[in-house]
Each structure stands twice: as C-alpha cells, then as structure tokens.
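# Analysis of the macromolecular model
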Amino acid sequence: MLIKNAHIVTPQTTFTGVVEVREGRIRSVEEGTTQVPDAVDWEGDHLLPGLVELHTDNLEKHLAPRPGVLWNTHAAFAIHDAQVAAAGITTVFDSLVIGERDASGLRSRRVQDECGQALLETAAAGLFRADHFLHLRCEVATRDAADAFVEMCDHPLLRLVSVMDHTPGQRQWHDPALYRQYHERNGKVSDETWEKMLGELKAQQAAFAGPHRRRIVEMSRARGLPLASHDDTSLEHVEEAVRDGVTLSEFPTTLAAARSAHARAIGVIMGAPNVVRGGSHSGNVAAADLAREGVLDILSSDYVPPSLLQAAFALHTDIGWSLSKAMRTVSWNPARSAGLADRGGIVPGLRADLVRVTVRPGMPPVPRATYVLGARVA
C-alpha cells in the first residue's frame, strides 16, 4: 500500500507526505508527494498511528447490557472488538477485575474466568480486528484476590497488572457519600443496609488489602509483568508504589500525587473521558490540569472507546500541545510503557497499525479507516 497526500503525524512532527507499507510494516515515511499511479490519495486526511489502549472496561457494557442481564461472553468480545477498532484503537488491553464482591454479578469470579478463556479462544481463532492483551485489575481488599491471581497470572495474553482498593473512605472514593451515590445508580438502599455494607468493606480491607497486595506484587515482579497502582491520592500512596516497583499510576486523584509519580518516573495515566467532559465524574483532579502542569503521560478511554482520539485532539486544540505530543499519549507512550516496542508511531520498521482520520472545524475527529499490520479492519 502506498498512501499520498496524507497529513502524517509522527512522534516528533507533522507534515504532508507519503507512507509506504509492505508486508505489514511501515517501509518508508517521506515528505512531499509521489507520481506512482497506484498510490491512494488520502485527500489531506490525518494519518495517525493506531491507538494503544491500556485500560478499558468497555467489554463490561456488552457483558451486562442491562442490570441483572449477563450476555454471551464470546458475543460480548466480538462487539467490543468492533467498537474499539472503529474508534481507531489497534492494540487494546482488556481489563478484567479479580477479587469477588458479588458471586452472581458481572465481576464474579466465574464471569471473569469465562472472559479470560474467551479472550484466549477468540484470539487463537483469529477473530479479533484489533490486537488484544489482558490487563488484570486486582481488587486487593477482597477475600479471594490473591487466589484468583494465582489462577490467572500465567494467562498467555497477560501483559499488565494493577493493584487497586475501592474501599470507601480513601483513594477514588475518599468521600463515602460519592461512593454511595455511585453504588445506588441502579437502586437505592436503606441507611441501615448502607452502614452494614460499609462496615463489611472496611473489615475486608483491614484483613486482606495489605497481604494480598504484597503477594500479587511479588508474583507479578517474578514474572516480569508491568505493574500499575490505582487512584493514588497521597504522597504515601506514591511512595508505596515506588517500593512495589510500579511503573504506571492509573488515574491519580490529586495533583500532588500526579506530580510525585511523574517526578519518580512513574507514568501518569488519566481518563480520556475526563478530558472530553472537562473533569472527573468522581470529583477528583481534572486531567486537563495535569496536562497544563506537564505531568500527564498517557490517556485511557476507560469506558468510552471514541474518547481516546477525541481527547488527544483536545490536548492539541484546547491545551496547546503539539499534535505529535498529544498523539504520543495514546500511541507511543502506552506502547513503550507496556514493553511493546514494535508499534505506536508512524516510523519505518514499525507495524503498519494506522488510522485515517478526518477533521472538520467545530466537530470531533472522525476515524474513517483503521488498519492493523497494513490490513483494513474497520
């Protein structure tokens, strides 16, 4: 494939030029044009690297399309995969939560085990459009988090592990009232029920969070798996992450924590929906503020796949970053942080994971075509 008249965004700069693809790799990237008759004219559209998504819960929307309804796991993966590819995401780390709090719900151990198996089977069958890996999110303040991790830590597609604690009263849910509001989105509970549940959650945290985190960290490091912390709020949280060998800080809730993580060479990940919406849905620090402070490294679409591309362009148009710098947060930086040196940029020799994007004034960027290893998938 030979592409001409494309607005090419490399990790360092942007220009109008020509890209040649051979055998699934980028062979050459040149400014100017070509007279080769078979070259495909992109008519000034942007040629971007395929987006790299490290943390998405998008699969869950298709596993449970309505409260109390659990869908076929393979079918859920199929539509999730189609959505991420259509959003320009060519590499996706599917997040599975281990640490059971509801034995019959979406994040039950049974459902998460089924998802791990379905991910492996679908990849082996060659049915995915995007390149899929596994991100295990470990809810350490639960009875079975460490045991569940033992069962899944050698999954062939596992490439990232995060340790998290969503017990109300700290980190993301430092205000228990906000946690209650989130918990009650599908139905109110009485004050008595709420107090009982809160007491049980805090008791589990006291019993399990510390030992389970230590065990999961040890097993991850023994396997060379990248580690992420989650919802760091205080300097103490960042120091704990440093001791554990964490290399990524997912969604720090305060500017102080993000600054500290960045200063300690821990990559700071924030939600793309936070950028698009202009703030956190949980009332925590705004991702745009971290961008202005220069302590934002990576964006994640979290629960809205199209937000990844939209947020990157917002960093360019609203914050004033160069388009190359903004695009690094959704391609080059996440790829490198996960040890994927073969993708993430429009660079000769790398995988030809490409996105054609049309930009019109006053409208969000629109992905028109997505390519994985040079083959169109969306």
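Position numbers for residues start from 1 in each chain and track the written sequence from start to end. Residues qualify for local features only when their pLDDT is at least 70, as the model is predicted, and side-chain atom pairs are given and counted only at 80 or more; totals for whole chains, interfaces and linings, by contrast, use all residues. Hydrogens and waters are ignored; side-chain quantities use all the structure's heavy atoms.

### Overview of the pattern of salt bridges
The salt bridge definition used is simple: a Lys or Arg side-chain nitrogen within 4 Å of an Asp or Glu carboxyl oxygen. Counted by the stated rule, this structure contains 22 salt bridges. A salt bridge links Arg27 to Glu20, with the nearest nitrogen and oxygen atoms 3.8 Å apart. Only protein chains enter the area calculation, which uses a 1.4 Å probe; residues under 20% of their type maximum are buried, those over 50% are exposed, and those in between are partly exposed. On the basis of relative accessible area, Glu20 is assigned to the buried category, the value being 18%. Between Glu43 and Arg356 there is a salt bridge, with the nearest N and O atoms lying 3.9 Å from each other. Placement of the pair is Glu43 in the loop between β4 (40–41) and β5 (46–49) and Arg356 in strand β14 (residues 354–358), with a sequence separation of 313 residues. Each of Asp131, Asp342, Arg343, Arg351 and Asp353 takes part in one network of salt bridges that share partners. Helix and strand definitions here come from DSSP, where helices need a minimum of 4 consecutive H or I residues and strands a minimum of 2 consecutive E residues; each element is numbered from the N-terminal end.

### Quick word on the packing of aromatic side chains
Classification of ring pairs uses Phe, Tyr and Trp, with its six-membered ring standing for Trp, and accepts pairs whose centres are within 6.5 Å; under 30 degrees between planes counts as stacked, over 60 as edge-to-face, and the remaining range as tilted. Within the structure shown, the criterion is met by three aromatic pairs. Aromatic pair Phe77 and Phe128: ring centres 6.0 Å apart, planes at 65 degrees, arrangement edge-to-face. Placement of Phe77 in helix α2 (residues 73–86) and of Phe128 in the loop between α3 (109–124) and β8 (131–139) is noted, with a sequence separation of 51 residues between them. The residues Phe77 and Phe128 share a single accessibility class, namely buried. Our definition puts a charge over a ring when NZ of Lys or CZ of Arg is within 6 Å of the ring centre and also within 35 degrees of the ring normal. When the ring centre of Trp332 is taken as origin, the NZ or CZ atom of Arg336, which lies over that ring, is 3.6 Å away.

### Some remarks on helix α8 (residues 255–263)
Where α8 is concerned, the buried positions are Ala257, Ala258, Ser260 and Ala261. For α8, the arc enclosing every buried residue in end-on projection is 165 degrees, short of the 170-degree limit, so these residues lie on one face. Phi turns positive one or two residues past the end of α8, at Ala265, with a value near 65 degrees. Our arc is simply the arc of the directions from the helix axis toward the C-beta atoms.

### What to know about the side chain of Thr329
Here Thr329 is to be found in the loop between α12 (323–328) and α13 (332–337). In this structure Thr329 comes out as buried when scored by relative accessible area, which is 1%. Whenever a nitrogen or oxygen atom comes within 3.5 Å of another N or O atom, the pair is scored as a polar contact, on the condition that within protein one atom can donate a hydrogen and the other can accept it, and that pairs from neighbouring residues in sequence are kept only if both atoms are in side chains. Side-chain polar atoms of Thr329 contact the backbone oxygen of Ala326, separated by 2.6 Å. Two residues form a contact once any of their heavy atoms are found within 4.5 Å. Ignoring anything within four residues of it in the chain, the contact list for Thr329 reads Asp297, Ile298, Leu299, Leu315, Trp321 and Pro334.

Interpretation in functional terms is not warranted from these geometric data alone.
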